[in-house]
Amino acid sequence: MTTPNRTIAFIGLGIMGAPMAAHLVDAGYDVVGHNLSRLAVDVLVERGGRAATDTADAVREADVVITMVPDSPDVEDLVFAEDGILANAKPGTLHIDCSTIRPDVSRRIAEAEVERGIRPVDAPVSGGEAGAVEAVLSIMVGGDTADVEAARPILDVVGKTVVHVGPAGAGQTVKAANQLIVAGNIQLVAEALVFLEAHGVDTESALAVLGGGLAGSAVLDRKGATMRARTFAPGFRIDLHHKDLGIVTAAARAAGVAIPLGAHVAQLVGSLRAQGHGGLDHSALLMQVDQLSGKGPTT
Ligand code: NAD
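Figured I'd write up the structure that's included with this text. (Residues numbered from 1 in each chain as written. Predicted model: local features only at pLDDT ≥ 70, side-chain atom pairs only at ≥ 80, totals over all residues. Heavy atoms only, no water.)

**Description of the overall build of the protein**
Thought 1: A tally of regular secondary structure across the protein gives 14 helices and 9 strands.
Thought 2: Against the globule reference of 19 Å for 299 residues, the protein gives a C-alpha radius of gyration of 20 Å, in line with a compact fold.
Thought 3: Along the first, second and third principal axes, the C-alpha set of the protein runs to 60 × 45 × 35 Å.
Thought 4: For the protein, buried positions account for 50% of its 299 residues.
Thought 5: Of all intrachain contacts in the protein linking residues separated by at least 6 positions in sequence, the fraction that spans at least 24 positions is 65%. (Helix = DSSP H or I, 4+ residues; strand = E, 2+ residues; numbered from the N terminus. Rg over C-alpha atoms; globule rule 2.2 N^0.38 Å. Buried < 20%, exposed > 50% of the residue type's maximum accessible area, 1.4 Å probe, protein only. Contact = heavy atoms within 4.5 Å.)

This is the structure we're talking about:
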């Protein structure tokens, strides 16, 4: 096969990373997987990928390293540790970080990588587990134009809307804005559902017509039915959205920008997490609206 950047080290085979890596295998890439728990690596191998024993083993021969891990310290560790990317990847390797992390951390990683001849691209994604499974993610990409263009054929395999939004870290800044909009939207869909139910309205019909007007949204389309059924299996965990709202409130503060509604929703997400629901899908914000409205406990 003559595909450039053929060998991809894929680190972080969780809810998002596993289907993304599988699509890359299906597209003909040589994908070497690494994950904290072995089961996900075995699933990738069954699909046609290869297993690495650790990060160094994964990245050593790779043309491209993709990281898809939970948080900023996780990516920092993968980059800066002794067995990490800086110490073990070949010069010229593309590092595409698809994790959602702090924009300032992303920029710091990019500076260190450029110094070592690694080509950093931040490419956080939106679209949830379904978007990853269906390979229709929206991907907001930051980095040097040549590096982003080199990453694009790979990102096109897992995404439908791939947009270069600016220099290193810009993808993460756009993703922070994405998380602000999504959290606020979920909270308001939750409030609308509880409101509609309290008035005895059939919520299936109500959501159908709301979805066709200005109130329509991807949240309404993708989460409406499960929210009506009050099933909150992740999906996107409250723990991760709590992390992301920490990122956007800190970044807004650093920029001297007020996000009053976003800060309020951040508190509601934090409260749900403090009540022990960090492992549920972020649509579980509905549980808290139920509770605040006297419709039952969150536990
Ligand atoms: P997840 O917890 O399901 O998966 C993360 C995976 O990374 C785990 O399998 C874990 O074993 C692995 N991992 C962590 N540290 C590692 C290390 N040092 N070496 C090897 N493997 C390591 O998380 P997820 O839901 O897939 O989310 C991943 C990232 O994508 C997060 O930053 C999240 O905010 C973002 N994101 C998630 C969604 C979603 O709907 N789940 C949507 C958009 C963006």
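**Thoughts on the pairing of strand E2 (residues 30-34)**
Thought 1: With 5 of 5 residues buried, E2 is to be regarded as a mostly interior element.
Thought 2: By the alternation rule, side chains of E2 split into Asp30, Val32 and His34 and Val31 and Gly33, which are all buried.
Thought 3: One ladder, built from 5 bridges, connects strand E1 (residues 7-11) with E2; its direction is parallel. The partner of isoleucine 11 across the bridge, within E2, is histidine 34.
Thought 4: Handedness of the crossover joining E1 and E2 through helix H1 (residues 17-26): right-handed.
Thought 5: Considered for its hand, the β-α-β crossover made up of E2, helix H2 (residues 38-47) and strand E3 (residues 50-51) is right-handed. (Pairing = 2+ DSSP bridges. Right-handed = clockwise from strand over helix to strand, strands pointing away.)

**Quick word on the site of the ligand**
Thought 1: Taken together, 24 residues surround the ligand, and among them Met16, Asn35, Pro70, Thr100 and Lys243 come closest.
Thought 2: Within the backbone of proline 70, one N or O atom sits 2.8 Å away from an oxygen atom of the ligand.
Thought 3: Starting from 830 Å² of accessible surface for the ligand in isolation, the protein chains cover 89%.
Thought 4: Put simply, the parts of the chain that give the shell around the ligand at least two residues each are helix H7 (128-133) and helix H12 (238-255).
Thought 5: A class-by-class count of the residues in the shell around the ligand yields 12 nonpolar, 8 polar and 4 charged. (Near = heavy atom within 4 Å. Polar contact = N/O pair within 3.5 Å; in protein donor to acceptor, adjacent residues only side chain to side chain. Areas by Shrake-Rupley, 256 points an atom, 1.4 Å probe, with all protein chains shown as cover. Nonpolar A, V, L, I, M, F, W, Y, C, P; charged D, E, K, R; others polar.)

**With respect to a negative patch on the surface**
Thought 1: Together, Asp54, Asp57, Asp74, Asp77, Glu82 and Asp83 make up a negatively charged patch on the protein surface.
Thought 2: In this structure, glutamate 82 sits in the loop between helix H4 (72-80) and helix H5 (85-88). (Patch = residues over 30% accessible without salt bridge, like charges linked within 9 Å, V, L, I, M, F, W, Y side chains within 5 Å. Salt bridge = Lys/Arg side-chain N within 4 Å of Asp/Glu carboxyl O. Lys, Arg positive; Asp, Glu negative; His and termini not counted. Charge placed at Lys NZ, Arg CZ, Asp CG, Glu CD.)

**Section: the layout of surface pockets**
Thought 1: Space inside the second largest pocket adds up to approximately 260 Å³.
Thought 2: Among the secondary structure elements, those contributing two or more residues to the lining of the second largest pocket are helix H6 (103-115), helix H9 (170-198) and H12.
Thought 3: Here the element with the most residues in the lining of the second largest pocket is H12; it accounts for 7 residues.
Thought 4: Tallied by class, the residues present in the lining of the second largest pocket amount to 13 nonpolar, 1 polar and 3 charged. (1 Å grid on protein atoms, 1.4 Å probe; cavity = no way out; pocket = protein on both sides within 12 Å on 5 of 7 lines; lining within 4 Å. Points joined across faces, edges and corners; volume = space filled by probe spheres on them.)

**Looking at H12**
Thought 1: Here H12 is 18 residues long and its end C-alpha atoms lie 25 Å apart, about the 26 Å a rise of 1.5 Å per residue gives.
Thought 2: Listed in full, the buried residues belonging to H12 are Ile238, Leu240, His241, Lys243, Asp244, Leu245, Ile247, Val248 and Ala252.
Thought 3: In this fold, the buried residues of H12 make contact with H6, H9 and helix H13 (260-277).
Thought 4: Count one or two residues on from H12 and you reach glycine 256, which has phi positive near 70 degrees. (Expected span 1.5 Å × (residues − 1).)

**Brief notes about H1**
Thought 1: Burial analysis of H1 places 8 of its 10 residues in the buried class, which makes it a mostly covered element.
Thought 2: Of all the positions in H1, only Gly17, Pro19, Met20, Ala21, Ala22, His23, Leu24 and Val25 are classed as buried.
Thought 3: Downstream of H1 by a residue or two, glycine 28 has a phi angle that is positive, lying close to 100 degrees.

By themselves, these figures tell us nothing about what the structure is for.
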